[in-house]
Amino acid sequence: MKKIGIVALGRYLPAQKLTNADLEKLVDTSDEWIMTRTGIKERRIAASDEKTSDLAIKAAFDALKNSPVKAEDIEAVIVATTTPDSGFPSVACLVQKAIGAKKAFAFDVAAACSGFLYAMTTAKQFIATGMVKNALVVAGDKFTTIVDWKDRNTCVLFGDGAGAAVLSSVTQGGILSDYLIAEGDSAELMGIVPDKVRTPFDQGLEMAKLPYVVMNGQDLFKKAVPGMAEAVRIAAEKAGVNVHDLACVVPHQANDRIIASVAKRAGVDKEKFFINIHKYGNISAASVVVALCEAVEEGRIKKGDKIALVVFGAGLVAAANIIEWSY
Ligand code: UT7
């Protein structure tokens, strides 16, 4: 089997910060509640004229800056997002245009907070079959456009941002295992209302209402912990790696307490989990790749390390990969 891995990473976080203190002025909440219940201190807000594609393009350029693979040699652009600029064109096509990847095909993947690993695993298959040599995988979300800013149950949790990875053949290590799973039976736990797609034509006025995120936080929490711990266990087993030998685990950043419980359940020291939720909150699909990018930059992941990526999101969808770091 061909070895396929991440050869470059990038990220983009909008400049504007929204702190817990700022949120205290918007809804009945407190820094103390948000910090103790979630671990979030602040999050980034994209400018009103900054679309998901703008975030994704900036993250893509950041990844390409340090990439041994140049834009003209990218043959697939896959973007994970559930907040695309519009139904079409896809964000992926806008990224393809911006970076000048003229030989590439491009499409979006919708798997909520698990999107990056779904997109990365899809890209890996195209490379494994020999259909393409190099792929660009981007995850970007602008959740602040779909949050109800009067709902304290959700508005304190999310932020905007994007991350990107270049995938190619590697001589050492690479992605050792993939695990993707869905539980559509629990789809009602998190969604966007009103559901624009199903709004009938004769209720056109309803369309004017902005869609916003609703979720059953407690039930999601109860699903996320065993779901993510199990995903790490299965991915590690598929890779033939003992979880105790993982140098770092990079999880989806939804809640610091979820991460602590996953660490306990998976039997991995929490110190090995990379956490940046305090800075960005939950950036949906972008969370895990932005965290991975920072973990590598901060020297928490080095060449030869075996690491796990693990995610969980609305759908419900979960995923995990074991990677032997290649650079
Ligand atoms: O990204 C993938 C999908 N998302 C997740 O995985 C999220 C999973 N869920 C969670 O992270 C947590 O359930 C939350 C952070 C969303 C909520 O934390 P919780 O500890 O489960 O709180 P809760 O919903 O049980 O609410 C406890 C109390 C309630 O008040 P009462 O009924 O006990 O009086 C809430 O009304 O906290 C209240 N509350 C707040 N208080 C201050 C809820 N939100 C806030 C808030 N500030 N922002």
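Throughout this document, residue positions are counted from 1 along each chain, in the order its sequence is written. In keeping with the model being predicted, local features are shown solely for residues with a pLDDT of at least 70 and side-chain atom pairs are shown and tallied solely at 80 or more, while totals for entire chains, interfaces and linings include all residues. Think of the side-chain values as coming from all heavy atoms in the structure, minus any hydrogens and water.

Caption draft 1: How the structure looks around the site of the ligand. One heavy atom within 4 Å of a molecule or strand is enough for the residue carrying it to be called near that molecule or strand. Every one of the 23 residues lining the ligand counts as a neighbour, but Thr29, Arg37, Gln218, Asn255 and Asn282 are closest to it. Polar contacts, as counted here, are pairs of nitrogen or oxygen atoms within 3.5 Å of one another; within protein the pair requires one atom able to donate a hydrogen and one able to accept it, and residues that are adjacent in sequence qualify only if both atoms are side-chain atoms. Trp33 places a polar side-chain atom, nitrogen or oxygen, 3.2 Å from an oxygen atom of the ligand. Taking Asn282, its side chain carries an N or O atom lying 2.8 Å from an oxygen atom of the ligand. Elements are defined by DSSP. Helices are runs of H or I of four residues or more, strands are runs of E of two residues or more, and each kind is numbered from the N terminus. With four residues, the top contributor of residues to the shell around the ligand is helix α7 (residues 217–239). Of the residues that constitute the shell around the ligand, the class distribution is eleven nonpolar, eight polar and four charged. These domain boundaries are the output of an automatic or database domain assignment. Composition of the shell around the ligand by domain shows at least three residues from each of domain 1 (4–172) and domain 2 (176–324). For this classification, Asp, Glu, Lys and Arg are treated as charged, while Ala, Val, Leu, Ile, Met, Phe, Trp, Tyr, Cys and Pro are nonpolar and the rest, including Gly, are polar.

Caption draft 2: Structural view of the sheet that holds strand β4 (residues 76–80). Strand order across the open sheet formed by five strands is β1-β7-β6-β4-β5, with mixed pairing between neighbours. Only two strands of the sheet have a single neighbouring strand rather than two, namely β1 (4–12) and β5 (105–109). Strand-to-strand twist in this sheet, taken as the mean axis angle between neighbours without regard to direction, amounts to 20°. Strands pair, by our definition, only if DSSP identifies at least two bridges between them. As defined by bridge partners, β1 adjoins strand β7 (residues 160–169) across eight bridges and the pair is classed as antiparallel. Bridge pairing in β7 links Gly5 to Ser168. Whenever a helix is involved, its axis is fitted only over the stretch in contact; in every case the axis is a line through C-alpha atoms, and angles between N-to-C directions fall within 0 to 180 degrees.

Caption draft 3: The pattern of salt bridges, seen in detail. What makes a salt bridge here is a side-chain nitrogen of Lys or Arg within 4 Å of a carboxyl oxygen of Asp or Glu, nothing more. Under the counting rule described, the total for this entry stands at 15 salt bridges. As a salt-bridge pair, Lys65 and Asp62 come within 2.8 Å of each other at their nearest N and O atoms. With a gap of three residues between them, Lys65 and Asp62 both fall in helix α3 (residues 52–65), about one helical turn apart. Only protein chains enter the accessibility calculation, which uses a 1.4 Å probe; a residue is then buried when its area is under 20% of its type maximum, exposed when over 50%, and partly exposed in between. With a relative accessible area of 60%, Lys65 lands in the exposed category. Residue Glu183 pairs with Lys223 through a salt bridge whose shortest N-O separation is 2.8 Å. On the criterion of sequence distance, the pair formed by Glu183 in the loop between β8 (174–182) and β9 (190–193) and Lys223 in helix α7 is long-range, its members being 40 residues apart. For Glu183, a relative accessible area of 32% puts it in the partly exposed group. Looking at Lys223, the relative accessible area reads 31%, which means it is partly exposed. Because the salt bridges share partners, they merge into one network encompassing Arg11, Lys279, Glu294 and Glu297.

Caption draft 4: Region of interest: helix α5 (residues 115–128). The span one expects for a helix is its residue count, reduced by one, times 1.5 Å. Between its first and last C-alpha, α5 extends 20 Å over 14 residues, near the 20 Å set by a 1.5 Å rise per residue. Taken as a whole, α5 has its buried residues at Gly115, Phe116, Leu117, Tyr118, Ala119, Met120, Thr121, Ala123, Lys124, Phe126 and Ile127. Trailing α5 by a residue or two, Gly130 shows a phi angle of about 90°, which is positive.

Caption draft 5: Summary view of the packing of α3 against helix α4 (residues 91–99). At a closest axis distance of 9 Å, the pairing of α3 and α4 adopts a crossing angle of 45°. Taken as axis vectors, α3 and α4 run oblique relative to one another. Like other packed secondary-structure pairs, α3 and α4 cross with a definite hand, here right-handed. Within the contact between the two elements, α3 uses Thr52, Ser53, Ala56, Ile57, Ala60, Phe61 and Leu64 and α4 uses Val91, Leu94, Val95, Ala98 and Ile99. For the contact of α3 with α4, the residue count by class is ten nonpolar, two polar and no charged. When describing relative orientation, an angle under 35 degrees is termed roughly parallel and one over 145 degrees roughly antiparallel, while 65 to 115 degrees is termed roughly perpendicular and anything else oblique. It is the rotation of the near helix from the far one that decides the hand of a crossing: anticlockwise by less than a right angle makes it left-handed, clockwise makes it right-handed. Any pair of residues with heavy atoms lying within 4.5 Å of one another is described as a contacting pair.

Caption draft 6: Fine view of the packing of α7 against helix α8 (residues 256–266). Across the interface, α7 lies against α8 with an axial gap of 8 Å and an inter-helix angle of 40°. In terms of axis orientation, α7 runs oblique to α8. For the pair α7 and α8, the crossing hand works out as right-handed. Of the residues in α8, those in contact with Phe221, Ala224, Val225, Pro226, Met228 and Ala229 of α7 are Arg257, Ile258, Ser261, Val262, Arg265 and Ala266. Split by residue class, the contact of α7 with α8 holds nine nonpolar, one polar and two charged.

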